[in-house]
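The residues making up each chain are set out below.
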Amino acid sequence: MVSQRLRALDGLRGVAILLVMGFHYFYHLESFYYKSTLYPYGETFSNVLIFKYGYMGVELFFIISGFVIAMTLESSRSVIDFAIRRFVRIWPALIVSAILTFFLLNWSDAPFALHRRQSWPNFLPSLTLTPPSLWSGWFPKVDYVTGVYWSLVVEIRFYMIAAILFWLFSREKLARNLVIFTLVVYIARALLRRAMPGYNGVYDALFIPDYLPWFAAGAVFYELYKERLAKGAALIMLAVIYALIARVSTNYAMIGRDPVFASAAALAFMVLFWFLATKPESMRLFEVRPLVWIGECSYSIYLYHYAVGMILISQVSKTIGLAPQLLLVAAISLLVLAVGRVSYAVVENPARRWLTKLLIGPPQKPAAAASPAE
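Residues numbered from 1 in each chain as written. Predicted model: local features only at pLDDT ≥ 70, side-chain atom pairs only at ≥ 80, totals over all residues. Heavy atoms only, no water.

Undergrad: With reference to specific residues and values, describe the overall build of the protein chain.
TA: Helix and strand counts for the protein chain stand at 16 helices and zero strands. On the principal axes, the C-alpha backbone points of the protein chain span a range of 60 × 50 × 45 Å. Among the 374 residues that make up the protein chain, the fraction classed as buried is 55%. Long-range contacts, defined here as pairs at least 24 residues apart, represent 74% of the contacts in the protein chain between residues at least 6 apart. Of the roughly 16,800 Å² of accessible surface on the protein chain, 69% is carried by carbon and sulfur atoms. (Helix = DSSP H or I, 4+ residues; strand = E, 2+ residues; numbered from the N terminus. Buried < 20%, exposed > 50% of the residue type's maximum accessible area, 1.4 Å probe, protein only. Contact = heavy atoms within 4.5 Å. Areas by Shrake-Rupley, 256 points an atom, 1.4 Å probe, with all protein chains shown as cover.)

Undergrad: Give a detailed account of the nonpolar core, specifying residues and quantitative values.
TA: Core analysis: the largest hydrophobic core is formed by 113 residues, its most contacted members being Phe67, Phe221 and Phe273. When residues no more than four places from it in sequence are discounted, the contact partners of Phe67 are Leu6, Leu9, Gly218, Ala219, Phe221, Tyr222, Tyr225 and Phe273. (Core = buried A, V, L, I, M, F, W, Y, C linked by side-chain atoms within 4.5 Å.)

Undergrad: So, the environment of Val288: which residues are in play, and what are the values?
TA: Along the chain, Val288 falls in the loop between α13 (259-278) and α14 (289-296). In sequence terms Val288 and Gly11 are 277 residues apart; their C-alpha atoms lie 7.3 Å from each other.

Undergrad: For the side chain of Thr130, give the residues involved together with the corresponding values.
TA: Within the fold, Thr130 resides in the loop between α7 (123-128) and α8 (150-168). Overall, the relative accessible area of 15% leaves Thr130 in the buried class. Ignoring sequence-local partners within four residues, the contact set of Thr130 consists of Leu124, Pro125, Trp135, Tyr144, Val153 and Arg157.

Undergrad: Tell me what's going on with a nonpolar patch on the surface, and back it up with residues and numbers.
TA: A cluster of nonpolar side chains, contributed by Leu183, Ile187, Leu191, Ile236 and Val240, occupies part of the molecular surface with about 440 Å² of accessible area. Going through the elements one at a time, α9 (174-195) and α12 (231-249) are the ones with two or more residues in the nonpolar patch. Structurally, Val240 is set in helix α12. (Patch = residues over 30% accessible without salt bridge, like charges linked within 9 Å, V, L, I, M, F, W, Y side chains within 5 Å. Salt bridge = Lys/Arg side-chain N within 4 Å of Asp/Glu carboxyl O.)

Undergrad: Mind laying out the environment of Leu174, listing which residues take part and the relevant values?
TA: Among the structural elements, Leu174 can be located in helix α9. Along the primary structure Leu174 and Ala330 are separated by 156 residues, whereas in three dimensions their C-alpha atoms are 42 Å apart. In this structure Leu174 touches Ala70, Leu73, Ala162, Leu165, Phe166 and Glu223, once residues within four positions along its chain are discounted.

Undergrad: I'd like to hear about the pattern of salt bridges, residue by residue, with values.
TA: Oppositely charged side chains are able to pair whenever their charged atoms sit close together. Going through the model one piece at a time under the given rule, you end up with 13 salt bridges. Note that Glu74 and Arg228 form a salt bridge whose closest N and O atoms lie 2.6 Å from each other. Note that Glu74 is positioned in helix α4 (residues 56-75) and Arg228 in the loop between α11 (212-225) and α12, a separation of 154 residues in sequence. Residue class for Arg228 comes out partly exposed when judged on its relative accessible area of 34%. Among the charged side chains, a salt-bridge network with shared partners connects Glu74, Glu223, Lys226 and Arg228.

Undergrad: Requested: an account of helix α5 (residues 79-107), with residues and values cited.
TA: Compared with the 42 Å implied by 1.5 Å per residue over 29 residues, the 41 Å span of α5 between its first and last C-alpha is a close match. The axis of α5 is deflected most strongly, by about 30°, at Phe87. (Expected span 1.5 Å × (residues − 1). Bend = angle between axes of the 7 residues up to and from the residue.)

Undergrad: I'd like a description of the packing of α5 against α8, backed by residues and values.
TA: Following both chains from N to C, one finds α5 and α8 inclined at 170°, their axes separated by 11 Å at the closest point. Considering the angle they form, α5 stands roughly antiparallel to α8. In this structure, α5 contributes Val79, Phe82, Arg86, Ile90, Trp91 and Leu94 to the contact, and α8 contributes Leu152, Ile156, Tyr159, Ala163 and Trp167. When its residues are assigned to classes, the contact of α5 with α8 shows ten nonpolar, no polar and one charged. (Axes fitted to C-alpha atoms, helices over the stretch in contact; angles between N-to-C directions. Parallel < 35°, antiparallel > 145°, perpendicular 65-115°, else oblique. Nonpolar A, V, L, I, M, F, W, Y, C, P; charged D, E, K, R; others polar.)

Structure representation (structure tokens):
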């Protein structure tokens, strides 16, 4: 039943958050810009593929989000009902994490914290999930409390786009409409760039053309899972989406990423979801308890992993051997997972249940697995 929680989807969330943690802990862009001064092992792991391309865990989250938001829209009674469900899912844990991270970064004397001192205007883009550029006219140095919030801003844009398409057009054709909209947005951006050499990216902020294909793919897989979409039609839609994803991946060449490898990883994600949608029993590998356990609380882990993890990692001595350094980073990673689990158990899940009951009433269907913001 679609209403039942898909354990494999939780497992994929676990994979996604582990990829992101590996990227941030071993190959963050900061290692390029700041000569690896925050990492005890320097650039030792810069060319390890699973770390170098770990940023794609966020794209995996986006596919999952497209799948689950299509499901959530279908079970929502109205656009207000949908908006409330998104609010209670995202903001309680976000508010608590922003406050705790703010004070942690200002209190700690770790190298990472010293590099990321906070000021109160940083709460504005962080808690409204809007681009810092929107506030920079009043506060020139404004930024997110922690950089990982950027993907939540992208999520919010997708929620708005999906809700508009769902309630203004055929609800049974959301996946098709998303694919068409994604293609139109992408073509329109190409034309805009030709017509306006001084193009400033506002269009990208509104319509997220680089990320929308991932969400659209998730919606296609959901329709396929529900058996409302023929496999042939799904393949055509996914081929269009994949062409856009592969084209966008070439943008990473400027920062030393191989577009061929990035495109191959994206194809692997697509294949995994094809099996999830058509043969769920074949995804048992992703139903193992540790992955599901991590996936269940992946949103809370995502909120804390960067600041907490990097504060601790940046304090690991550069003078000890590589093996002790890796053991300490492994211990730090387990601690971060524990912090995420506590946040999930104490803040995220209770707040979601209580606020849902207060604002909407008892849930009609069990919650579904989702993206980091689900």
